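Residue strings, one per chain:
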Amino acid sequence: MPQTEAADTGAVSRIRPRWWTELPLILLVYGCYTAGRLLARGDVSSAVDHGLAILGIEKALYLNAEHPLNRLFTAEPWLGVPADFWYASLHYVVTPAVLVWLFRSRAEHYRAARTWLMTSTFIGLIGFVLLPTCPPRLLAPAHGFVDTMAHYSSYGWWGGEASAPRGMGGMTNQYAAMPSLHVGWALFCGVVLWKYGRSRWTRIAAVGYPLLTAIVVMGTANHYFLDAVAGAAVMGAGLLLAPYVTRAATAARLRIAAWAAPLTAAGNTGPAPIVSDGCQTSAGERIPRQRDSRLEPAAGTDAAPSDAGDGAAAPAR
């Protein structure tokens, strides 16, 4: 029995993923991510307290890189405007693009990578719920941060409230700063590109994309340095938990298949008997006397004495 179960599990894991099953799954996870951000609004005062506590820890550890980067991005539009575009759009574009590339060119590794990303995202949502955090851009001006997305809002589609399109800022949770999934997803893309890419440009993108994303989220005053560190930690935790999630999903799939097998077998009882109304057609016959015609000797062959008439002569021996 254990050998059979192991064989079944291996067979399931070798099934090639199909886009028509993967796409709804990705959309479901993204919907949960969006809904989680909306639901985890929390209390504004506690979110501000959490943000100030993180800022205080960074200053005590001399890790406060947000202020110089934010001043640079505010003073130099040629840096601040592209950074705002980077923050507002790339994580919605690059992450799906990497998944599609992996699905098409490295299908045998896709399911493990997808499970890693989804597991980490759900861990990040737990962080949003348990620790609502005010980003630097929403702190009081006395703390020295400038919201570059509001500062350069005339250059893009976003408004002054958030990276969402104008008029839709109220539909997003602006206090979902800890951990930074911008950095987490960028790190995921970097690891996948480094591990499965072959070209030099792929390796450069694998290093540059997560690093630049971390700089962008701090320079635009959307995240603290420790938010970026927490985003990387979340991806590490998701990587460790992904094999257990995969095994649990495989076991659930096998249980569902075992439960559905008797129902499928019960439904396949064979074709229903064909019986015509008003005709002498027995079960299994499509035309009357079909069985008798199969039992009659073929034309030109000798008939048995019992089948011949009473006056027929017996065949010569």
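Calculation notes
- Residues numbered from 1 in each chain as written.
- Predicted model: local features only at pLDDT ≥ 70, side-chain atom pairs only at ≥ 80, totals over all residues.
- Heavy atoms only, no water.
- Phe/Tyr/Trp six-rings, centres within 6.5 Å; stacked < 30°, edge-to-face > 60°.
- Buried < 20%, exposed > 50% of the residue type's maximum accessible area, 1.4 Å probe, protein only.
- Lys NZ or Arg CZ within 6 Å of the ring centre and 35° of its normal.
- pLDDT = per-residue confidence, 0-100.
- Helix = DSSP H or I, 4+ residues; strand = E, 2+ residues; numbered from the N terminus.
- Contact = heavy atoms within 4.5 Å.
- Axes fitted to C-alpha atoms, helices over the stretch in contact; angles between N-to-C directions.
- Parallel < 35°, antiparallel > 145°, perpendicular 65-115°, else oblique.
- Nonpolar A, V, L, I, M, F, W, Y, C, P; charged D, E, K, R; others polar.
- Expected span 1.5 Å × (residues − 1).
- Bend = angle between axes of the 7 residues up to and from the residue.

Enquirer: Honestly, the packing of aromatic side chains in this entry has me stumped. Any pointers?
Expert: Given two aromatic rings, their pairing is described by the distance between the two centres and the angle made by the two planes. A complete count under the given rule lists 4 aromatic pairs for this structure. Ring geometry for Phe103 and Tyr110: centres 5.2 Å apart, planes at 85°, overall edge-to-face. For Tyr110, a relative accessible area of 3% corresponds to the buried category. For Arg203, the ring lying beneath its charged end belongs to Trp194, and the centroid distance is 4.5 Å. The ring of Tyr244 has Arg247 sitting right over it, with the charged end atom 4.9 Å from the ring centre.

Enquirer: Would you mind showing me how to read the confidence of the model for the protein here?
Expert: In low-pLDDT segments, the atomic positions of the prediction should not be examined closely. Confidence in the prediction of the protein, expressed as mean pLDDT, is 77, and 65% of residues score 70 or more. When mean pLDDT is compared element by element in the protein, helix α9 (residues 200-219) scores highest at 96, while helix α1 (residues 2-13) scores lowest at 39. Under a pLDDT of 50 for its full length, residues 1-13 has, in the predicted model, 7 contacts with residues more than four places off or in other chains.

Enquirer: What's the story with unusual backbone geometry in this structure? I'm lost.
Expert: Note: most peptide bonds trans; most residues except glycine with negative phi. Following Met178, the chain continues into Pro179 via a peptide bond in cis, with omega recorded as 0°. The topology assignment puts Pro179 in the loop between α7 (148-151) and α8 (181-196). With a phi angle near 55°, Tyr62 is a residue other than glycine that sits in the positive phi range. Phi is positive for Ala221, which is not a glycine, with a value near 65°. Structurally, Ala221 is set in the loop between α9 and α10 (225-267). Among the residues examined, Ala221 registers a relative accessible area of 0% and is labelled buried.

Enquirer: I'm lost on the packing of α8 against α9 in this one. Help?
Expert: Packed helix pairs are characterised by how far apart their axes lie and by the angle those axes make with each other. Their axes nearest at 7 Å, the elements α8 and α9 cross at an angle of 170°. By the angle class used here, α8 and α9 are roughly antiparallel. Between α8 and α9, the contacting residues are His182, Val183, Ala186, Leu187, Cys189, Gly190, Leu193 and Trp194 on the first element and Thr202, Arg203, Ala205, Ala206, Val207, Tyr209, Pro210, Thr213, Ala214 and Val217 on the second. Residue composition of the contact of α8 with α9, by class: 13 nonpolar, 4 polar and 1 charged.

Enquirer: Looking at this model, I keep getting lost on α9. Mind explaining?
Expert: Helical geometry: 3.6 residues make up each α-helical turn, so side chains three or four residues apart lie on a common side. The end-to-end C-alpha distance of α9 is 28 Å, a good match for the 28 Å that 20 residues give at a rise of 1.5 Å each. In α9, a bend of some 25° at Gly208 exceeds every other bend along the element, and Pro210, a proline, comes one to four places later. Among all positions in α9, only Thr202, Ala206, Tyr209, Pro210, Thr213, Ala214, Val216, Val217, Met218 and Gly219 are buried. Positive phi appears at Ala221, one or two residues downstream of α9, with a value of about 65°.

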